[in-house]
Amino acid sequence: VIWREHSYQVVPESDCNNREIGGQSDDWKKNEEILKQRDVEYQSKLKQSEDKYRHLKEKAEDKLMKAGQEMENTKRILSTENARLNAATKKLELRIQTLEIQLQQK
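Everything numeric in this text was worked out from a predicted model, so none of it was measured.

Scoring rules and cut-offs
Residues numbered from 1 in each chain as written. Predicted model: local features only at pLDDT ≥ 70, side-chain atom pairs only at ≥ 80, totals over all residues. Heavy atoms only, no water. Helix = DSSP H or I, 4+ residues; strand = E, 2+ residues; numbered from the N terminus. Buried < 20%, exposed > 50% of the residue type's maximum accessible area, 1.4 Å probe, protein only. Areas by Shrake-Rupley, 256 points an atom, 1.4 Å probe, with all protein chains shown as cover. pLDDT = per-residue confidence, 0-100. Contact = heavy atoms within 4.5 Å. Salt bridge = Lys/Arg side-chain N within 4 Å of Asp/Glu carboxyl O.

Novice: Describe the overall build of the chain, with residues and values.
Specialist: If you tally the helices and strands in the chain, you get 1 helix and 2 strands. Secondary structure elements of the chain occur, N-terminal to C-terminal, as β-β-α. Out of the 106 residues belonging to the chain, those deemed buried represent 3%. For the chain, the exposed area adds up to about 10400 Å²; of that, 55% sits on carbon and sulfur atoms.

Next up, the structure:
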(Lines give C-alpha, C1' and ligand atoms only; values in the text may rest on other atoms or scores of the structure.)
Protein backbone atom coordinates (compact mmCIF):
# COMPACT_ATOMS: atom_id res chain seq x y z
CA VAL A 1 0.00 0.00 0.00
CA ILE A 2 1.41 3.38 -0.98
CA TRP A 3 0.03 6.68 0.25
CA ARG A 4 -0.41 9.17 -2.57
CA GLU A 5 -1.77 12.60 -1.85
CA HIS A 6 -4.89 11.85 0.16
CA SER A 7 -5.57 8.53 -1.44
CA TYR A 8 -4.44 4.98 -1.08
CA GLN A 9 -3.20 3.06 -4.01
CA VAL A 10 -2.87 -0.66 -3.76
CA VAL A 11 0.39 -1.71 -5.31
CA PRO A 12 1.71 -5.24 -5.39
CA GLU A 13 4.48 -5.87 -2.86
CA SER A 14 6.95 -6.72 -5.60
CA ASP A 15 6.47 -3.24 -7.13
CA CYS A 16 7.11 -1.65 -3.72
CA ASN A 17 10.35 -3.55 -3.36
CA ASN A 18 11.40 -2.61 -6.89
CA ARG A 19 10.67 1.06 -6.21
CA GLU A 20 12.61 0.97 -2.95
CA ILE A 21 15.48 -0.81 -4.63
CA GLY A 22 15.36 1.61 -7.54
CA GLY A 23 15.45 4.58 -5.16
CA GLN A 24 18.28 3.04 -3.22
CA SER A 25 20.08 2.31 -6.45
CA ASP A 26 19.82 5.97 -7.46
CA ASP A 27 21.12 7.02 -4.04
CA TRP A 28 23.97 4.57 -4.32
CA LYS A 29 24.87 5.87 -7.78
CA LYS A 30 24.87 9.44 -6.48
CA ASN A 31 27.00 8.42 -3.51
CA GLU A 32 29.34 6.53 -5.81
CA GLU A 33 29.77 9.60 -8.02
CA ILE A 34 30.42 11.79 -4.99
CA LEU A 35 32.97 9.29 -3.69
CA LYS A 36 34.69 9.15 -7.09
CA GLN A 37 34.89 12.95 -7.20
CA ARG A 38 36.29 13.08 -3.68
CA ASP A 39 38.77 10.34 -4.53
CA VAL A 40 40.02 12.39 -7.49
CA GLU A 41 40.26 15.49 -5.27
CA TYR A 42 42.12 13.63 -2.54
CA GLN A 43 44.46 12.00 -5.04
CA SER A 44 45.24 15.45 -6.44
CA LYS A 45 45.85 16.87 -2.96
CA LEU A 46 48.01 13.86 -2.10
CA LYS A 47 50.11 14.39 -5.22
CA GLN A 48 50.50 18.08 -4.39
CA SER A 49 51.55 17.20 -0.85
CA GLU A 50 54.03 14.61 -2.10
CA ASP A 51 55.49 17.12 -4.59
CA LYS A 52 55.79 19.75 -1.86
CA TYR A 53 57.43 17.22 0.49
CA ARG A 54 59.88 16.14 -2.23
CA HIS A 55 60.76 19.78 -2.99
CA LEU A 56 61.29 20.63 0.69
CA LYS A 57 63.36 17.48 1.19
CA GLU A 58 65.61 18.33 -1.76
CA LYS A 59 66.00 21.88 -0.48
CA ALA A 60 66.87 20.66 3.02
CA GLU A 61 69.38 18.13 1.67
CA ASP A 62 71.01 20.87 -0.43
CA LYS A 63 71.28 23.17 2.59
CA LEU A 64 72.75 20.35 4.71
CA MET A 65 75.31 19.59 2.02
CA LYS A 66 76.31 23.26 1.77
CA ALA A 67 76.54 23.53 5.57
CA GLY A 68 78.76 20.43 5.65
CA GLN A 69 81.03 21.92 2.99
CA GLU A 70 81.24 25.20 4.91
CA MET A 71 82.17 23.29 8.08
CA GLU A 72 84.92 21.41 6.23
CA ASN A 73 86.27 24.65 4.78
CA THR A 74 86.19 26.29 8.22
CA LYS A 75 87.98 23.29 9.79
CA ARG A 76 90.65 23.41 7.09
CA ILE A 77 91.16 27.17 7.54
CA LEU A 78 91.29 26.87 11.34
CA SER A 79 93.70 23.95 11.13
CA THR A 80 96.01 25.93 8.86
CA GLU A 81 95.77 28.98 11.14
CA ASN A 82 96.44 26.81 14.20
CA ALA A 83 99.55 25.32 12.55
CA ARG A 84 100.77 28.81 11.62
CA LEU A 85 100.23 30.09 15.17
CA ASN A 86 102.00 27.03 16.64
CA ALA A 87 104.96 27.65 14.35
CA ALA A 88 105.04 31.33 15.34
CA THR A 89 104.86 30.36 19.03
CA LYS A 90 107.74 27.90 18.63
CA LYS A 91 109.77 30.55 16.82
CA LEU A 92 109.14 33.05 19.62
CA GLU A 93 110.03 30.44 22.28
CA LEU A 94 113.35 29.81 20.50
CA ARG A 95 113.98 33.55 20.28
CA ILE A 96 113.28 33.88 24.04
CA GLN A 97 115.68 31.01 24.81
CA THR A 98 118.36 32.64 22.67
CA LEU A 99 117.88 35.98 24.42
CA GLU A 100 117.99 34.30 27.85
CA ILE A 101 121.25 32.58 26.94
CA GLN A 102 122.73 35.84 25.65
CA LEU A 103 121.64 37.59 28.85
CA GLN A 104 123.25 34.91 31.03
CA GLN A 105 126.51 35.20 29.09
CA LYS A 106 126.80 38.92 29.82
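There is more to say, and it comes next.
Novice: So what's going on with the confidence of the model for the chain? Which residues, and what values?
Specialist: On average, residues of the chain score 86 in pLDDT, and 78% of them reach the 70 mark or higher. Mean pLDDT in the chain bottoms out at strand S1 (residues 2-4), which sits at 46, and peaks at helix H1 (residues 13-105), which reaches 91. Overall, residues 1-9 carries pLDDT values under 50, and its contacts beyond four positions in sequence, including any with other chains, amount to 12 contacts.

Novice: For the pattern of salt bridges, give the residues involved together with the corresponding values.
Specialist: One pass over the full model with this rule turns up 6 salt bridges. The shortest N-O distance in the salt bridge between Lys47 and Asp51 comes to 3.1 Å. With Lys47 and Asp51 both in helix H1, this residue pair falls 4 residues apart, about one helical turn. For Asp51, a relative accessible area of 32% corresponds to the partly exposed category. For Glu72, the salt bridge identified is with Lys75, shortest N-O distance 3.9 Å. Placement of both Glu72 and Lys75 in helix H1 is noted, with a separation of 3 residues, approximately one turn of the helix.

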